[in-house]
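Residues per chain, in single letters:
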Amino acid sequence: SFTSPIARMNPIKWFLSQVPGLKHTLDMGNYAFSNENADQAYELFKDQIGHVHCKDRGEEKEEDPEIWEGLGMPYGEELLHRKGMKPVPVGDGYLPIAELVGKLKDQGYQGYMAIEHFGAPDQLGFMLKSAQFLKSLL
């Protein structure tokens, strides 16, 4: 929800600064919701990542005009980081998944990487393709 206090990076960072030891779930596909950059989110939260959700997004030609209203932008303005919210297997969308996984590897991240496919028409197929893609990176 656009009204959620954790819908954008800056409020998330505020919460993390208020609670010592609190960790962040780097959910690669969630930043697109608020038209924010997943690479910037990684840089902002890299020292506080406790878990990772790998979720990619597919491009869509049209979005509901209410999206712009929720983002506080005039309808039809270019969305720099939100190219669509279509569910796709990890690695098939427009998000920089390979680069983010590479950064996590270089950082020494040892935790889990969950795969998310909300709304996928073929959950099993998406999971298998996503797992294969992530294994190729690791």
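Residues numbered from 1 in each chain as written. Predicted model: local features only at pLDDT ≥ 70, side-chain atom pairs only at ≥ 80, totals over all residues. Heavy atoms only, no water.

(A) Quick look at the overall build of the chain. The number of helices and strands found in the chain is 5 helices and 5 strands. Reading the chain from its N terminus to its C terminus gives the helix and strand order α-β-α-β-β-α-β-α-β-α. Counting all 138 residues of the chain, 38% fall into the buried class. Sequence-distant contacts, at least 24 apart, represent 74% of the contacts inside the chain between residues at least 6 apart. Within the structure as shown, the chain displays about 8,100 Å² of accessible surface, and the carbon and sulfur contribution to it stands at 54%. (Helix = DSSP H or I, 4+ residues; strand = E, 2+ residues; numbered from the N terminus. Buried < 20%, exposed > 50% of the residue type's maximum accessible area, 1.4 Å probe, protein only. Contact = heavy atoms within 4.5 Å. Areas by Shrake-Rupley, 256 points an atom, 1.4 Å probe, with all protein chains shown as cover.)

(B) Local environment of a nonpolar patch on the surface. Side chains of I6, W14, F15, V19 and L22 sit close together on the surface and give an oily, nonpolar patch of about 460 Å² of accessible area. By the secondary structure assignment, L22 is in the loop between α1 (9-18) and β1 (24-27). By relative accessible area, which is 36% here, L22 ends up partly exposed. (Patch = residues over 30% accessible without salt bridge, like charges linked within 9 Å, V, L, I, M, F, W, Y side chains within 5 Å. Salt bridge = Lys/Arg side-chain N within 4 Å of Asp/Glu carboxyl O.)

(C) Examining the packing of aromatic side chains more closely. Here the structure, examined in full by the defined rule, presents 1 aromatic pair. Each ring, one from W14 and one from F15, has its centre 5.1 Å from the other, and the planes form 80°; the classification is edge-to-face. Taking relative accessible area as the criterion, W14 reaches 48% and is therefore assigned partly exposed. (Phe/Tyr/Trp six-rings, centres within 6.5 Å; stacked < 30°, edge-to-face > 60°.)

(D) The side chain of Q48, seen in detail. Following the sequence through the fold, Q48 ends up in the loop between α2 (38-45) and β2 (49-54). A relative accessible area of 16% means that Q48 is categorised as buried. Residues contacting Q48, with those up to four places away along its chain left out, are K13, L16, L22, K23 and H24.

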